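Reading the structure
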Amino acid sequence: LCVPAVPVLFKQALKNTDIEEGKSVSLRCELTKADATVVWKKGEARLQASAKYEMKQKGTVAELVIHNAEPEDA
């Protein structure tokens, strides 16, 4: 018996956020499946955890924190 995998969907998608230059911003999305693998990208470039980008995930909520935001982070 083969059971197809249930796809992971967004329950709550990202929202556009305005932030002052130099401040930190938190972007969150909620998924339909807990602990699903989340990849954060800017265009085609995959973001890596660093002093600039902090990735968190707890249950169905994935969060990206951008520290010291700049116009290039849009």
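The sections below set out a description of the structure shown in this document. Since we're looking at a predicted model, the values are computed, not measured. (Residues numbered from 1 in each chain as written. Predicted model: local features only at pLDDT ≥ 70, side-chain atom pairs only at ≥ 80, totals over all residues. Heavy atoms only, no water.)

1. Regarding the environment of Glu-21
Within the secondary structure, Glu-21 is located in the loop between β1 (10-12) and β2 (25-31). Glu-21 sits 48 residues away from Ala-69 along the chain, and the two C-alpha atoms are 5.4 Å apart. Among all residues touching Glu-21, those that are not within four sequence positions of it are Ala-69, Glu-70 and Pro-71. (Helix = DSSP H or I, 4+ residues; strand = E, 2+ residues; numbered from the N terminus. Contact = heavy atoms within 4.5 Å.)

2. Examining the environment of Val-38
With respect to the helices, strands and loops of the structure, Val-38 is situated in the loop between β2 and β3 (41-42). Between the C-alpha atom of Val-38 and that of Glu-63, which follows or precedes it by 25 residues, the distance is 9.4 Å. In this structure, Val-38 is in contact with Leu-31, Gln-57 and Ala-62, ignoring residues within four places of it in sequence.

3. Some details on the pattern of salt bridges
Scanning all chains against the criterion turns up five salt bridges. Between Glu-70 and Lys-52 there is a salt bridge, with its nearest N and O atoms 3.4 Å apart. Highlighted residues: Glu-70 in the segment after β6 (61-66) and Lys-52 in the loop between β4 (45-46) and β5 (53-58), separated in sequence by 18 residues. Accessibility expressed as a relative area gives 38% for Glu-70, which makes it partly exposed. The residue Lys-52 makes a salt bridge to Asp-73 at a minimum N-O spacing of 2.8 Å. Of this pair, Lys-52 sits in the loop between β4 and β5 while Asp-73 sits in the segment after β6, placing them 21 residues apart in sequence. Side by side, Lys-52 and Asp-73 carry an identical accessibility label, which is buried. Shared partners join several salt bridges into a network, and the residues in it are Lys-52, Glu-70 and Asp-73. (Salt bridge = Lys/Arg side-chain N within 4 Å of Asp/Glu carboxyl O. Buried < 20%, exposed > 50% of the residue type's maximum accessible area, 1.4 Å probe, protein only.)

4. Regarding the nonpolar core
Of all hydrophobic cores here, the largest spans 11 residues; its members are Val-25, Leu-27, Cys-29, Leu-31, Ala-36, Trp-40, Leu-47, Tyr-53, Ala-62, Leu-64 and Ile-66. At the level of secondary structure, the elements contributing two or more residues to this core comprise β2 and β6. With sequence-adjacent residues up to four places away left out, Leu-31 is seen in contact with Val-8, Leu-9, Phe-10, Lys-11, Ala-36, Val-38, Gln-57 and Thr-60. (Core = buried A, V, L, I, M, F, W, Y, C linked by side-chain atoms within 4.5 Å.)

5. Examining the side chain of Asp-73
The exposure class of Asp-73 is buried, given its relative accessible area of 17%. Here the side chain of Asp-73 touches Tyr-53 through a polar contact of 3.4 Å, side chain to side chain. Sequence-distant contacts of Asp-73, that is, excluding residues within four places in its chain, are made with Lys-42, Lys-52, Tyr-53, Ile-66 and Asn-68. (Polar contact = N/O pair within 3.5 Å; in protein donor to acceptor, adjacent residues only side chain to side chain.)

6. Quick word on the sheet that holds β2
Pairing within the open sheet is antiparallel, and its four strands lie in the order β1-β2-β6-β5. Either end of the sheet is taken by a strand with one partner, and the two such strands are β1 and β5. Direction aside, neighbouring strands of the sheet carry axes that sit 30° apart on average. (Pairing = 2+ DSSP bridges. Axes fitted to C-alpha atoms, helices over the stretch in contact; angles between N-to-C directions.)

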